[in-house]
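Coordinate inspection notes
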4 protein chains.
Amino acid sequence: MSASRYTYLGPEGTFTEAALRTLPEAAPRELVPMVSVPAALDAVRNGEAAAALVPIENSVEGGVTATLDELATGAPLMIYREVVLQIAFALLVRPGTKLSDIKTVTGHPVAQPQVRNWLAANLPDALWESSASNADGARLVREGRYDAAFAGEFAAATYGLEALVTDIHDAENAQTRFVLAGRPARPAVRTGADRTSVVVWLRADHPGALLELLHEFSSRGVNLMLIQSRPTGEGIGNYCFAIDAEGHITDRRVAEALMGLKRICPKVRFLGSYPRAGVDPAEVGPTARGMSDEDFTAATDWIARCQDGRG
Amino acid sequence: MSASRYTYLGPEGTFTEAALRTLPEAAPRELVPMVSVPAALDAVRNGEAAAALVPIENSVEGGVTATLDELATGAPLMIYREVVLQIAFALLVRPGTKLSDIKTVTGHPVAQPQVRNWLAANLPDALWESSASNADGARLVREGRYDAAFAGEFAAATYGLEALVTDIHDAENAQTRFVLAGRPARPAVRTGADRTSVVVWLRADHPGALLELLHEFSSRGVNLMLIQSRPTGEGIGNYCFAIDAEGHITDRRVAEALMGLKRICPKVRFLGSYPRAGVDPAEVGPTARGMSDEDFTAATDWIARCQDGRG
Amino acid sequence: MSASRYTYLGPEGTFTEAALRTLPEAAPRELVPMVSVPAALDAVRNGEAAAALVPIENSVEGGVTATLDELATGAPLMIYREVVLQIAFALLVRPGTKLSDIKTVTGHPVAQPQVRNWLAANLPDALWESSASNADGARLVREGRYDAAFAGEFAAATYGLEALVTDIHDAENAQTRFVLAGRPARPAVRTGADRTSVVVWLRADHPGALLELLHEFSSRGVNLMLIQSRPTGEGIGNYCFAIDAEGHITDRRVAEALMGLKRICPKVRFLGSYPRAGVDPAEVGPTARGMSDEDFTAATDWIARCQDGRG
Amino acid sequence: MSASRYTYLGPEGTFTEAALRTLPEAAPRELVPMVSVPAALDAVRNGEAAAALVPIENSVEGGVTATLDELATGAPLMIYREVVLQIAFALLVRPGTKLSDIKTVTGHPVAQPQVRNWLAANLPDALWESSASNADGARLVREGRYDAAFAGEFAAATYGLEALVTDIHDAENAQTRFVLAGRPARPAVRTGADRTSVVVWLRADHPGALLELLHEFSSRGVNLMLIQSRPTGEGIGNYCFAIDAEGHITDRRVAEALMGLKRICPKVRFLGSYPRAGVDPAEVGPTARGMSDEDFTAATDWIARCQDGRG
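Residues numbered from 1 in each chain as written. Chains lettered and ligands numbered in written order. Predicted model: local features only at pLDDT ≥ 70, side-chain atom pairs only at ≥ 80, totals over all residues.

1. A look at the overall build of chain A
- The helix and strand inventory of chain A stands at nine helices and 14 strands.
- Each of the three principal axes of chain A carries a C-alpha extent, and together these read 85 × 45 × 40 Å.
- Per-residue burial over chain A gives 54% buried out of 311 residues.
- Taking contacts inside chain A between residues at least 6 apart in sequence as the whole, the part at least 24 apart equals 74%. (Helix = DSSP H or I, 4+ residues; strand = E, 2+ residues; numbered from the N terminus. Buried ≥ 20, exposed ≤ 12 C-beta atoms within 10 Å, placed from the backbone. Contact = placed C-beta atoms within 7 Å.)

Rendered as structure tokens:
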């Protein structure tokens, strides 16, 4: 039964739901909003859901650090898919409200930087108060507590509101990346345009540890796509790093880099290899010189010959 | 008038207010709570306040990324002091409430990981809902919307509540670091136990840029205390890094490392050098071999002699 | 028949012969002096000898670069043993000669720095002329062309001379390292105190190539014992590097470093793994953290589990 | 009087003399051949000569290591000019000798690899014996001891011989680099196409020392043109490194790299900055991004502004 259910960071009408609905495998399933990232992921850990979609990068829903911390600790989960969504806000109001009627606005705290300039230009006197989520803000508008809420345009219908203004965003390229996490199993199949995610703990007594970690990737020509420090909860100054690298764990250069991490770091958690959203394998650039699977195989063969006296 | 006022991340009764009250220079001043980190800092930028205390590291109030992003962008500010506070939660209830009465609890989302284990052990059936801040949660308890709120014990008096349980925290060493930010001026005087903060942008087209950046510090024996990636708002995968290094900008090794960053990075913002909270300069370890001010001076003298033919 | 013969850099009476006689395996064999390092090694390549002993490091006989260049190019050879000899010169004279009789002295050019101070103090007016080898100098003394020659004390008997002064050397610790080279076959058995020799060519168009090469060793905790640049013969500024590393090719960390070189360098030649002369395996320090064979095996197992979904 | 005299590695008729005669400043001076590199340089140290020309790189005369060791130790000298010479050998014979008459040949040992292939093809049965220098070999041919000598074609006249074959060399691009060394004084004036030479000692107890040394250059975009390890005379495994870098000590990036070496290495000896032979400053490529003098000045100004509160 759980295989028929996906959870996501709710409530209904958030960007996360919109992202989940872009996945073909979500279509036949029951999609259940959860109150928090931990709740969405715990449902997977407990077997109540097959997978959970949660935001992981670029802060619109504020879910990023919660997601990274959840994936880094607790019972292991793995990532099998990613979704990248362009983020733009609509100003949701009760039907009939005009711009000049708006005295109070709400939205999630992390939406504020995205709409700040728009507010200054269009509603300079409106009072901003934060809500727990964009969708929650929409609910509070419907209840009359605020005059307008910033949320995804798709949330208007859910809450009986109207999108007075759409496509509000400050950054030219506002996006959020979401990941579909399930219980550990074989990684997604290699496509040639893949991303590999790990969490790595550093030895606190070793100031050069981060440099060494980065060298494990760079010395094998593996590009990093994300590096995000997170406190380990063991006091100020203790970090682990969430790292996304280009490539798949079955690529030799990636596997060797991960083995390097495993040897030099006190702890490494593999979070999965999965297809990069919206990237065609045919467009992926060439592998760094000497770092293809063929190069690794040739080097392994050479060492064997040397050890046999046929070098 | 503004010199007599400090702002802080409100509302009243948060850990930030508690942290601010530990600073001697706060005693004679008017302390004004603001609704958000941007609001607290904008009051300084606008000249309405002399300085603002905001959380910057380790997530209890959720202010970390907001603070980093605010300091990285907008009109420049500088850090002059830091405060480190042990974080422990109290379970605040309306007077008379017993543990067995509690069906609903609230608190800021980032408090949840700190209290999760305690909840599972002591209130396994209580329903958690997030509030916009710990103090806001306390207010909602007073208003009867929830039965209990996690917040600092000091918030009980402010909101007419009672601390039913105190010293709740999951991590052994839960701390939050706060910084006092003002308009740019001369850095705080060097004490010998100092911290220097910068924000550094990387060239997106250069995969080894982070390695080079770290080398500017490591090659001069400068330890890093914080490295936090932040999206630049120019799309997924574009980062800047908030970095705290040991030492003061007037230490030659620190100045040279910063100049190295300035040369190789498209943008660097200096956020200040200031005394490390709770660290006695007498206890700071020795400078790395060859990296004292005397070593830098000796090298400069030697080059001058070489250029004069007296090497 | 050739298996019964070892060649060495002659003529008779050089330090190389003395070094060869310290090897137990030399005792039953015919030891044949050759006029040059290339000649000694070519005899092995041609099958006329089973192995050749030639000096490789620290310049007393001047053979170092000739040896490195011979091992780097031409038909491949491999090193199976090393000998380290303390080097001290004797002043050889025709019987009856007194110090005050000596007007002219000779010796190999590279001996000169070792005896220069002694000459300045004891024979300040003697005229130095170079000879083609120390032993050749001894021969020229016997023939009456010079009054005295610097050579090994053991050469006195060969040439019918007398050691007037012994133990002459400038450096406190003058040593020469010799290697026994044979045709390629299985490397010498690992002892736990081993040395691995390679020659590595760098890509001329890549200024950071040497740094990358060194990282292949340092990132795996492999110490280098020798790094010697040699011109490749393709014009000024084109180099290959003779490198000796601690450890044996069957040590995982060494094998991985060599495979790294193989991938990033246009050419690598494996010259052998062999026991370090005079080093007791019991006295070799511990392997760098994370770099033992067990650590490599554990990392390989972990990757396999990750790829199987059991990470 | 000494200012009118230059010494060089003799005897007359060597490639070194030919190189010296290409220098305009040599024309009016007395050119004195010396028996060895140390003798040529000591004449400068003693004030008997103004400067000495000695081979330093790529081994035809065998002077390379002798020169490096002499410049690294003893009373300091500095390099003011370099000369690069194409090296090709002539087969010098007594007038009338035919190729078929030649049974014995001689030459400096380091000439042998350059002529080996030619010998194998043209005089497979000739017996090679080494001489102390190429010119000395010519002398021995004149005296009848050998039938032919390999030397520079220009040596034929000096020794009354005839060049039977010319332009013999194995490597396509055989060159020798010579340097003109004098007593320490102001470096040669910057031309924009300069070379800077240093000798650097490494801390023996620090396996990563060579890596750190190379980083001082690479992190400032300074290319290396030569890196040559030399034993320090303190036992096998103790090295110093002769290093040539692109650029002039008055280039900020070079000065900063040298100061870095001065701080991290137990000893650095500056050997001079001087024009690159045969390189037009107009053809020198652009400085690495961020590493021009303007970039260094901008970074210094920025730090000063930060320290003043005007960052």
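Back to the text.
2. A word on unusual backbone geometry
- A cis amide bond, omega 0°, links Gly10(B) with the succeeding residue Pro11(B).
- Looking at the element boundaries, Pro11(B) is found in the loop between β1 (5-9) and α1 (15-20).
- Even without being glycine, Asp167(D) reaches a positive phi, approximately 60°.
- Note that Asp167(D) resides in strand β9 (residues 162-168).
- The exposure class assigned to Asp167(D) is exposed, which follows from the 11 C-beta atoms found within 10 Å.

3. Topic: the arrangement of the chains
- Nothing in chain B touches chain C, and the closest approach of their C-alpha atoms is 12 Å.
- Taking C-alpha atoms only, the smallest gap left between chain A and chain D, which are not in contact, amounts to 12 Å.

4. Details of the UniProt feature "site: Essential for prephenate dehydratase activity" (unreviewed entry) in chain A
- Look at the UniProt record and you will see "site: Essential for prephenate dehydratase activity" (unreviewed entry) annotated at Thr176(A).
- The exposure class assigned to Thr176(A) is buried, which follows from the 23 C-beta atoms found within 10 Å. (UniProt positions renumbered as here; feature names shortened; annotations may be inferred.)

5. Observations concerning the pairing of strand β1 (residues 5-9) of chain D
Residues and elements named next belong to chain D.
- Burial runs high along β1: four of the five residues are buried.
- Relative to strand β2 (residues 30-34), β1 is paired through five bridges, and the arrangement is parallel. For Tyr6, the partnering residue across the bridge sits in β2 and is Leu31.
- Note on the crossover from β1 through helix α1 (residues 15-20) to β2: the handedness is right-handed. (Pairing = 2+ DSSP bridges. Right-handed = clockwise from strand over helix to strand, strands pointing away.)

6. What to know about the packing of helix α2 (residues 37-45) of chain C against helix α3 (residues 64-72) of chain C
Residues and elements named next belong to chain C.
- Their axes nearest at 9 Å, the elements α2 and α3 cross at an angle of 35°. In the crossing of α2 with α3, the sense of the turn from one axis to the other is right-handed. From α2, Val37, Pro38 and Leu41 reach across to α3, where they touch Ala66, Thr67 and Glu70.
- Class assignment of the residues belonging to the contact of α2 with α3 gives a composition of four nonpolar, one polar and one charged. (Axes fitted to C-alpha atoms, helices over the stretch in contact; angles between N-to-C directions. Left-handed = near helix turned anticlockwise from the far one by under 90°. Nonpolar A, V, L, I, M, F, W, Y, C, P; charged D, E, K, R; others polar.)

7. Observations concerning the nonpolar core
- Counting 143 residues, the largest nonpolar core has Ala52(A), Ala181(A), Val200(A), Ala52(B), Ala181(B) and Val200(B) as its most contacted members.
- Judged by nonpolar contacts, the second largest core, of 142 residues, contains Ala72(C), Cys240(C), Ile87(D) and Phe241(D). (Core = buried A, V, L, I, M, F, W, Y, C linked by C-beta atoms within 7 Å.)

8. What about helix α3 (residues 64-72) of chain B?
Residues and elements named next belong to chain B.
- Counting buried positions along α3 gives nine out of nine residues, so the element sits mostly inside the fold.
- Here α3 has its buried residues at Val64, Thr65, Ala66, Thr67, Leu68, Asp69, Glu70, Leu71 and Ala72.
- Two residues or fewer after α3 comes Gly74, characterised by a positive phi angle close to 75°.

9. Side note on the confidence of the model for chain A
Residues and elements named next belong to chain A.
- Of all residues in chain A, 94% attain a pLDDT of 70 or more, and the chain-wide mean is 89.
- Ranking the elements of chain A by mean pLDDT puts strand β12 (residues 224-231) last, at 81, and strand β14 (residues 267-275) first, at 97.
- At the level of chain-chain contacts, confidence expressed as ipTM amounts to 0.86, with global pTM at 0.83. (pLDDT = per-residue confidence, 0-100.)

10. Digging into the domain arrangement of chain A
All names here are of chain A.
- The domain boundaries assigned to chain A delineate domain 1 (1-86 + 169-185), domain 2 (89-166) and domain 3 (186-291).
- Between the C-alpha centres of domain 1 and domain 2 there is a distance of 24 Å.
- Taken together, the contact pairs 14 residues of domain 1 with 20 residues of domain 2.
- Its residues placed into classes, the side of domain 1 that touches domain 2 shows six nonpolar, five polar and three charged. (Domains from an automatic or database assignment.)

11. Section: the sheet that holds strand β11 (residues 194-201) of chain D
Residues and elements named next belong to chain D.
- One open sheet accounts for four strands, arranged β12-β13-β11-β14; its pairing is antiparallel. Edge strands, defined here as strands with exactly one partner in the open sheet, are β12 (224-231) and β14 (267-275). Averaged over neighbouring strand pairs, the angle between their axes works out to 15° when direction is ignored.
- Note that β11 and β14 share eight bridges and pair antiparallel. Bridge pairing in β14 places Val199 opposite Arg269.
- Sheet contacts for helix α3 (residues 64-72): β11, β12, β13 (239-246) and β14; angle to β12, the most-contacted strand, approximately 85°.
- In this fold helix α8 (residues 252-264) packs onto β11, β13 and β14, with an angle of close to 5° to the strand it touches most, β11.

12. Digging into the environment of Arg289(D)
Residue and element names in this part refer to chain D.
- One can find Arg289 in the loop between β14 and α9 (293-307).
- The class of Arg289 is exposed, set by 12 C-beta atoms lying within 10 Å.
- Measuring from C-alpha to C-alpha, the distance between Arg289 and Asp244 comes to 21 Å, with 45 residues separating the pair along the chain.

13. Some remarks on the packing of helix α7 (residues 209-218) of chain C against helix α7 (residues 209-218) of chain D
- Where α7(C) contacts α7(D), the axes come no closer than 10 Å and their chain directions differ by 150°. With respect to α7(D), the axis of α7(C) lies roughly antiparallel. As for how α7(C) packs across α7(D), the hand of that crossing is left-handed. Listed contacts from α7(D) to Leu210(C), Leu211(C), Leu214(C) and Ser218(C) of α7(C) are Leu210(D), Leu211(D), Leu214(D) and Ser218(D).
- Residue composition of the contact of α7(C) with α7(D), grouped by class: six nonpolar, two polar and no charged. (Parallel < 35°, antiparallel > 145°, perpendicular 65-115°, else oblique.)

14. Considering the sheet that holds β1(B)
All names here are of chain B.
- With mixed pairing, five strands are arranged side by side in an open sheet as β2-β1-β3-β10-β4. Edge positions in the open sheet fall to β2 (30-34) and β4 (78-86), since each of these has one partner strand only. Put simply, the sheet's adjacent strands are angled 30° from each other on average, direction ignored.
- Lying on the sheet, helix α2 (residues 37-45) is in contact with β1, β2, β3 (51-57) and β10 (175-182); it crosses β3 at an angle near 145°.

15. Things to note about the environment of Met34(D)
Residue and element names in this part refer to chain D.
- Within the secondary structure, Met34 sits in strand β2.
- Met34 gets classed as buried once you count the C-beta atoms within 10 Å, which come to 20.
- Separated by 24 residues in sequence, Met34 and Gly10 place their C-alpha atoms 4.9 Å apart.
- Sequence-distant contacts of Met34, that is, excluding residues within four places in its chain, are made with Thr7, Tyr8, Leu9, Gly10, Ala39, Ala40 and Ala43.

16. Focus: the environment of Tyr80(B)
Residue and element names in this part refer to chain B.
- In this fold, Tyr80 is placed in strand β4.
- Residues Tyr80 and Pro275, 195 residues apart in the sequence, show an inter-C-alpha distance of 8.0 Å.
- What Tyr80 contacts, discounting residues up to four positions off in sequence, is Leu180, Gly182, Ala188, Gly272 and Tyr274.

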